[in-house]
Amino acid sequence: GINAEYGKQWYQRRVRGNGPIPYILLYIPVVLHVIIIQVLNKIYQVVAINLTQWENHRSPTEHENALFIKRFFFEAFDCYIALFYLAFIERDIVLLRRELVSLYTVDCIRRLATESLIPFITRKASRKISNKQKEGETDIRLGKDYDKAEYEQFDDYLEMVIQIGYVTLFAGAFPLAAPLSLICNVLEMYSDIFKLSLITRRPVVHRVTNIGVWSVLVKGIVLLSVFTNLYIFCFTSEQLLTYAPSLFEVTPLTVEAALKSGSDHVHDIAAGAGMTVATIMTCLEHVILLVVAVIWILVPGTSSSVQNELARREYVKFVETHGEAAHVGGISAMSIDSSLY
């Protein structure tokens, strides 16, 4: 049948006939895509900075949040637009998985190369050629620190948030993204240690209570992933087809069309079954959102042990500031203050 012919043609064209060249050619568009994304992000970075300056925010926090939101939505659009097109317009799960795996892999390699290896090599080469210090040991050490680039935390935050989008928004197409992200994050951790130690200056420490606007963006991505994965489950992939084959019609493809799409057939919703599929998707969406709401209500953002420790520290600080005489009179005030944590 067509399955056997498709497998035979694929083996002859991709394995026996052309050697490794087709596999290399598959990654050229992805590499170009990643390069274009980086170029556009650099251009928009300048645009976003100027726009945020013109907005004239009242505080540095508002200024940073506005800048982060602008850059995040533009760079997220660059990274996800091709995947959304394949998932929701083309509805081709094979091409979606292939693009996601290739884009994710190339982007991980790009991060390790551009953030650590290339800056380290270029800095070493430039120092050997042009920077010959004749001062004392202290001056050399200070010169080395001064010559380093300034640390930019936005890029590290953005990489993690974009990675969360790869893992959650298209989990139905690439379930292995989660364990692969764990491995990549371990490598990223050592890469960041290398970067902070040898590539960039030591960052200035600012005490904060949370990660700010990034928390809102992560929650938005996780909430959006409920709808994207349900759409992939019901329409793009064959997962619902496996459980309810009567709701779909399967159309075999020719060998040439199968070689282009990566699958030997396509499936569409059967006549009169569209409302049933939409109802299944809506019911699943309500159930998942209900589970999310229950977890959100029952699981506190801060554990009781942390709350007790914060209250104890606040009480010790209060007693040290006002003395033991304020212990009895200030206990009610301290209980009110500690409840805020």
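None of the values given here were measured: they were computed from a predicted structure. (Residues numbered from 1 in each chain as written. Predicted model: local features only at pLDDT ≥ 70, side-chain atom pairs only at ≥ 80, totals over all residues. Heavy atoms only, no water.)

## Looking at helix α3 (residues 60-90)
Three- or four-residue spacings in an α-helix give side chains the same orientation, since the helix completes a turn every 3.6 residues.
Here is step 1: The first and last C-alpha atoms of α3 sit 43 Å apart over 31 residues, in line with the 45 Å expected at 1.5 Å per residue.
Here is step 2: Maximum bend of α3: about 45°, positioned at Y80.
Here is step 3: Positive phi shows up at R91, right after α3, with a value of about 55°. (Helix = DSSP H or I, 4+ residues; strand = E, 2+ residues; numbered from the N terminus. Expected span 1.5 Å × (residues − 1). Bend = angle between axes of the 7 residues up to and from the residue.)

## Points about helix α7 (residues 177-199)
Here is step 1: For α7, which comprises 23 residues, the first-to-last C-alpha distance of 29 Å sits more than 12% below the rise-based estimate of 33 Å (1.5 Å per residue).
Here is step 2: Among the residues of α7, those classed as buried are A177, S181, C184, E188, S191, D192, K195 and I199. (Buried < 20%, exposed > 50% of the residue type's maximum accessible area, 1.4 Å probe, protein only.)

## Side note on the pattern of salt bridges
Here is step 1: According to the stated counting rule, one finds eight salt bridges in the structure shown.
Here is step 2: Taking the shortest distance from any N to any O, the salt bridge between E62 and R58 comes out at 3.6 Å.
Here is step 3: D192 is the salt-bridge partner of K195, the closest N and O atoms lying 3.7 Å from each other. Note that K195 and D192 are positioned in helix α7 at a spacing of three residues, about one turn of the helix. (Salt bridge = Lys/Arg side-chain N within 4 Å of Asp/Glu carboxyl O.)

## Some details on the packing of helix α6 (residues 153-169) against helix α8 (residues 213-236)
Here is step 1: As a packed pair, α6 and α8 sit with axes 8 Å apart at the nearest point and diverge in direction by 20°. The angle between α6 and α8 places the two elements in the roughly parallel class. Between α6 and α8 lies a crossing whose hand is right-handed. Where α6 approaches α8, its residues F154, Y157, L158, V161, I164, G165, T168 and L169 are matched on the opposing element by W214, V218, I221, L224, S225, T228, N229 and I232. (Axes fitted to C-alpha atoms, helices over the stretch in contact; angles between N-to-C directions. Parallel < 35°, antiparallel > 145°, perpendicular 65-115°, else oblique. Left-handed = near helix turned anticlockwise from the far one by under 90°. Contact = heavy atoms within 4.5 Å.)

## Examining the packing of α3 against α6
Here is step 1: It is the contact of α3 with α6, at a shortest axis distance of 11 Å, that shows an interaxial angle of 35°. Of the two elements, α3 crosses α6, and the hand of that crossing is right-handed. The residues of α6 that touch α3, namely those facing F68, R71, F72, E75, A76, C79, Y80, L83 and F84, are F154, D155, L158, V161, I162, G165, Y166 and L169.
Here is step 2: Looking at side-chain class alone, the contact of α3 with α6 contains 13 nonpolar, one polar and three charged residues. (Nonpolar A, V, L, I, M, F, W, Y, C, P; charged D, E, K, R; others polar.)

## Brief notes about unusual backbone geometry
Here is step 1: One non-glycine residue, N56, adopts positive backbone phi at about 55°.
Here is step 2: Its place among the elements puts N56 in the loop between α2 (21-55) and α3.
Here is step 3: For N56, a relative accessible area of 64% corresponds to the exposed category.
Here is step 4: Despite not being glycine, R91 shows a phi value in the positive range, around 55°.
Here is step 5: Note on R91: relative accessible area 34%, which makes it partly exposed.

## Here's the deal with a nonpolar patch on the surface
Here is step 1: On the surface, a cluster of nonpolar side chains totalling about 1000 Å² of accessible area is made up of I28, V31, L32, I35, I36, V39, L40, I43, V47, L51 and W54.
Here is step 2: Within the secondary structure layout, I36 lies in helix α2.
Here is step 3: Relative accessible area serves as the criterion here: at 49%, I36 is assigned to the partly exposed category. (Patch = residues over 30% accessible without salt bridge, like charges linked within 9 Å, V, L, I, M, F, W, Y side chains within 5 Å. Areas by Shrake-Rupley, 256 points an atom, 1.4 Å probe, with all protein chains shown as cover.)

## Focus on the confidence of the model for the chain
Here is step 1: In the predicted model, the chain carries a mean pLDDT of 77, and the fraction of residues at 70 or more is 76%.
Here is step 2: A low-confidence stretch, residues 133-140 stays under pLDDT 50, and its non-local contacts, those more than four residues away or across chains, total three contacts.
Here is step 3: This stretch, residues 336-341, has a pLDDT under 50; its non-local contacts, to residues over four places away or in other chains, come to four contacts. (pLDDT = per-residue confidence, 0-100.)

## Looking at the side chain of D78
Here is step 1: Within the element layout of this structure, D78 appears in helix α3.
Here is step 2: Residues within four places of D78 in sequence aside, it is in contact with H33, I37, L40 and N41.

## Here we look at the packing of aromatic side chains
Here is step 1: If you walk through the whole model with that rule in mind, you get 13 aromatic pairs.
Here is step 2: Taking the centre distance of 5.6 Å and the plane angle of 85° together, the rings of Y80 and Y166 count as edge-to-face. Of the two residues, Y80 is situated in helix α3 and Y166 in helix α6; the sequence distance between them amounts to 86 residues. Y166 matches Y80 in its accessibility class, with the two residues each being buried. (Phe/Tyr/Trp six-rings, centres within 6.5 Å; stacked < 30°, edge-to-face > 60°.)

## Examining the nonpolar core
Here is step 1: One finds F72, Y80, L96, I162, Y166, F170 and W214 to be the most contacted residues of the largest nonpolar core, which totals 35 residues.
Here is step 2: Those elements giving two or more residues to this core turn out to be α2, α3, α4 (93-130), α6, α7 and α8.
Here is step 3: Among the elements that take part in this core, α3 stands out by supplying eight residues, more than any other.
Here is step 4: Apart from residues lying up to four places away in sequence, L96 is in contact with L83, L86, A87, F170, A173 and I232. (Core = buried A, V, L, I, M, F, W, Y, C linked by side-chain atoms within 4.5 Å.)

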